[in-house]
Amino acid sequence: MTARPASHAANLTESRRQFLRYLALSPALACPLFMDGALRKAYAANHSAALQEKSGSPAAITSADQALDVMEFEDLARNALPPAHFAYLATGVDDDATVRLNHNAYQEIEIRSRRLIDVAKLDTSVELFGTKWETPIFLCPISSMKVFDPDGEVAVARAAAKKHHLQMLSTVASCSIEEVTAARGAPVWQQLYPTNDWAVTRALIKRAEAAGSPVLVFTVDHQENANNESIVRARRVDDRECSACHEGGFQGYLRHKPAFAGLDVSKVTMLYDPSFTWDFVKRLKDATQMKLVLKGIVTREDAQIALDHGVDGIVVSNHGGRAEDTLRPTIECLPEVVAAVNGRIPVLVDGGVRRGTDIFKALAFGATAVGFGRPQAWGLAAFGESGVAAVLTILRRELEKIMRQAGTPTVRQIDTSFITHSILTADPKHLDGDPD
Ligand SMILES: Cc1cc2nc3c(=O)[nH]c(=O)nc-3n(C[C@H](O)[C@H](O)[C@H](O)COP(=O)(O)O)c2cc1C
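Small disclaimer: the values here were computed from a predicted structure and weren't measured.

(A) Local environment of the packing of aromatic side chains. Scanning the model with the defined rule gives 11 aromatic pairs in all. When the centroid spacing of 6.3 Å and the interplanar angle of 85° are considered together, the rings of phenylalanine 73 and phenylalanine 383 count as edge-to-face. Of this pair, phenylalanine 73 sits in helix H3 (residues 72–80) while phenylalanine 383 sits in helix H15 (residues 374–383); the two residues are 310 residues apart in sequence, bridging distant segments of the chain. For phenylalanine 73, a relative accessible area of 0% puts it in the buried group.

Set out below in structure tokens:
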């Protein structure tokens, strides 16, 4: 008998493989028990992808309350928005590494749950500058929110009002502070991009004061012209004409921002002047009775200087990875800032927060309150006000669940003993508030 050609054996193996793959992928016949390891893996991957496709596809979620977690709103937003608008929301800078790092860093922290603690009653409340909030979860300032829904920041304010959350309003919001305050039914915190014209900056501050804003949040981490490559790439596949809605040039941009309405902005050429130093912080302190919070501090050195300048609070933030790439994730910056501040002023944090467990971990590292940015816009783009409300409901529910599970009936009790992380053991300098 002549030997069969090698190709025949190969053909047989291939036929067998195809037959088994057919079995594996056939819902009626497939049974993982009878498969070899590789096939079982292929089955599992295909099966879970198919399941995810059916159950997790945006089409399967038809109302905001059906979303299981806040991440499900991301795909819904991607589907709802034109590519360039979704990219405006999603983008970081350069390779978007800081965006990913901010979120992924939470996976490096593990929770140490305690047992047999009475958690029947939970107290999730925190206090900030004399105001008590039901939860430590706050809404970060996001610019131009009418990009995501015609009601923009007003829809966010209605959701924040219903769910009783602190809202920060961007200087370049697409709704005015008066409209947003009315919709919130209470003052919001005004975020400040201070411009390079003091007369305009002072007018922005006075307007926030007149609207009853108790806190001015000076963003210190974002200079002009970030390298948002993701937006540029998305524009290549967005066939709409941007100039149909967006007036060209910086002055045109400002004309569409209600905060600047009625102001002479002819000398404003940028929202943040690169020549600013800590003297400008003093200037702001002298210009207003509002509390002054710096948003964008990521080191203990700057936390110490902020204290020296009488700053009232800090938001540990890197602008959601939209300013510099390959930064340390904010959750890893938090411990050294908390140590430097040593309880003297509140330290808030944002960046990559997507789960109640993330909030729990940030609280454990010493945050007074924990904010989120993009998920509010995902919810808004997907379902308007009810989408934002659903995001808030989910985050609060998840926080409450982990507080019960971990054995922490109050926010005050959540401390570093409830987590493990290399920062807590490997590098004590991170926990040392003194600048080198
Ligand atoms: C689309 C978008 C617009 C933003 N606009 C502002 C802004 O106007 N002022 C500001 O201080 N931060 C702004 N941020 C940063 C957020 O306030 C917040 O720091 C960040 O989104 C938190 O990260 P996260 O999106 O991963 O939750 C913006 C972020 C995004 C995604």
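So much for the structure itself; the text now carries on.
(B) Inspection of the side chain of histidine 421 at higher detail. Of note, histidine 421 is situated in the loop between strand S12 (419–420) and helix H17 (422–426). Judged by relative accessible area, which is 8%, histidine 421 ranks as buried. Of note is the side chain of histidine 421, whose polar atom sits 2.9 Å from the backbone nitrogen of isoleucine 423. Each residue touching histidine 421, except ones within four places of it in the same chain, is listed here: Glu108, Ile109, Glu332 and Phe365.

(C) Local environment of the site of the ligand. Near the ligand you find 22 residues, and of these Pro141, Ser170, Thr219, Asp350 and Gly373 are the closest. Within the side chain of serine 170, one N or O atom sits 2.7 Å away from an oxygen atom of the ligand. Contacts to the ligand include lysine 295, whose side-chain N or O atom sits 3.0 Å from a nitrogen atom. Relative to its free-state accessible area of 600 Å², the ligand is covered by the protein chains to the extent of 99%. Here the shell around the ligand is composed, by residue class, of seven nonpolar, 10 polar and five charged.

(D) Representation of the sheet that holds strand S7 (residues 215–219) in the model. Judged by pairing direction, the barrel is parallel, and its eight strands sit side by side in the order S4-S5-S6-S7-S8-S9-S10-S11 before closing back on the first. Each strand of the sheet is rotated relative to its neighbour by a mean of 25°, with strand direction disregarded. Note: strand S4 (residues 137–139) against strand S5 (residues 166–169), two bridges, orientation parallel. The partner of phenylalanine 138 across the bridge, within S5, is leucine 166. Sitting on the sheet, helix H11 (residues 278–287) touches strand S6 (189–192), S7 and strand S8 (291–295), and the angle it makes with S8 is about 150°.

(E) Highlighting helix H7 (residues 177–184). Of all the residues in H7, the buried ones are Ile177, Val180, Thr181 and Arg184. Buried residues of H7, viewed axially, fall in a sector of 100°; they line one side. Buried residues belonging to H7 abut strand S3 (131–133), helix H6 (152–163), S5, S6 and helix H8 (198–210). Of the residues flanking the end of H7, it is glycine 185, one or two places downstream, whose phi is positive at about 75°.

(F) A look at the environment of glycine 313. Along the chain, glycine 313 falls in strand S9 (residues 313–316). The exposure class assigned to glycine 313 is buried, which follows from its relative accessible area of 0%. Counting along the chain gives 33 residues from glycine 313 to proline 346, while the straight-line C-alpha distance between them is 5.1 Å. Filtering out sequence-adjacent residues up to four positions away, glycine 313 remains in contact with Phe129, Leu292, Val293, Leu294, Ile345 and Pro346.

Reading guide: rules and limits
- Residues numbered from 1 in each chain as written.
- Predicted model: local features only at pLDDT ≥ 70, side-chain atom pairs only at ≥ 80, totals over all residues.
- Heavy atoms only, no water.
- Phe/Tyr/Trp six-rings, centres within 6.5 Å; stacked < 30°, edge-to-face > 60°.
- Helix = DSSP H or I, 4+ residues; strand = E, 2+ residues; numbered from the N terminus.
- Buried < 20%, exposed > 50% of the residue type's maximum accessible area, 1.4 Å probe, protein only.
- Polar contact = N/O pair within 3.5 Å; in protein donor to acceptor, adjacent residues only side chain to side chain.
- Contact = heavy atoms within 4.5 Å.
- Near = heavy atom within 4 Å.
- Areas by Shrake-Rupley, 256 points an atom, 1.4 Å probe, with all protein chains shown as cover.
- Nonpolar A, V, L, I, M, F, W, Y, C, P; charged D, E, K, R; others polar.
- Pairing = 2+ DSSP bridges.
- Axes fitted to C-alpha atoms, helices over the stretch in contact; angles between N-to-C directions.
- Arc of directions from axis to C-beta.

In short, geometric facts, not functional conclusions.
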